[in-house]
Amino acid sequence: MKEKDLIKLGFVNESYEDDGNHFTEFVLKTDDFIIEYYGVDMVEIKLPYVNWIDVPNCKHLQDMKDLIRLFSKSPD
């Protein structure tokens, strides 16, 4: 996924350098969940009262949109 596409979805670039190594990390925080996208295509989601869960096969922008839609609370 491209940085500009993730930014459009509301992700924040929290990439950093440590001992000369670059670590790519984008985070989307909402009241319903937190999603972290890091490395080349690693995705984890944290739900209320649940620890981090790996999200396999979330490799394309549409997959990420579907994940966000799936865990977003619908308006009452």
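Residues numbered from 1 in each chain as written. Predicted model: local features only at pLDDT ≥ 70, side-chain atom pairs only at ≥ 80, totals over all residues. Heavy atoms only, no water.

Chemist: What is the right way to look at the pattern of salt bridges in this model?
Modeler: It is possible for side chains of opposite charge to pair when their charged atoms get near one another. Counted under the stated rule, the structure contains three salt bridges. Between Lys73 and Asp32 there is a salt bridge, with its nearest N and O atoms 4.0 Å apart. Residue Lys73 is found in the segment after α2 (61-71), and its partner Asp32 is found in the loop between β4 (25-29) and β5 (34-38); the two are separated by 41 residues along the sequence. In this structure, the salt-bridge partner of Arg69 is Asp66, at a minimum N-O distance of 3.1 Å. Of the two residues, Arg69 and Asp66 both sit in helix α2, three residues apart, roughly one turn of that helix. Since its relative accessible area comes to 60%, Arg69 is described here as exposed. (Salt bridge = Lys/Arg side-chain N within 4 Å of Asp/Glu carboxyl O. Helix = DSSP H or I, 4+ residues; strand = E, 2+ residues; numbered from the N terminus. Buried < 20%, exposed > 50% of the residue type's maximum accessible area, 1.4 Å probe, protein only.)

Chemist: I tried to follow the pairing of β4 on my own but got confused; where do I start?
Modeler: The side chains of a regular strand alternate between both faces of the sheet. The buried fraction of β4 is high, at four of five residues. Bridging between strand β1 (residues 12-13) and β4 involves two bridges; their strand directions are antiparallel. From the neighbouring strand, Asn13 faces β4, where its bridge partner is Phe26. In this structure, β4 lies alongside β5, joined through five bridges in antiparallel fashion. Across the sheet, the residue bridging to Leu28 is Ile35, located in β5. The hairpin formed by β4 and β5 contains four residues between the paired strands. (Pairing = 2+ DSSP bridges.)

Chemist: When you look at α2 in this model, what are you seeing that I'm missing?
Modeler: Residues that lie three or four places apart on an α-helix share one face, since the helix turns once every 3.6 residues. Among the residues making up α2, those that are buried are Met64, Leu67 and Ile68. Here the buried residues of α2 occupy an arc of 95 degrees about the axis, which is enough to place them on one side. Facing away from the buried side of α2 by more than 90 degrees, the exposed set consists of Arg69 and Leu70. Where α2 is buried, its residues touch α1 (3-8), β4, β5 and β6 (42-46). (Arc of directions from axis to C-beta. Contact = heavy atoms within 4.5 Å.)

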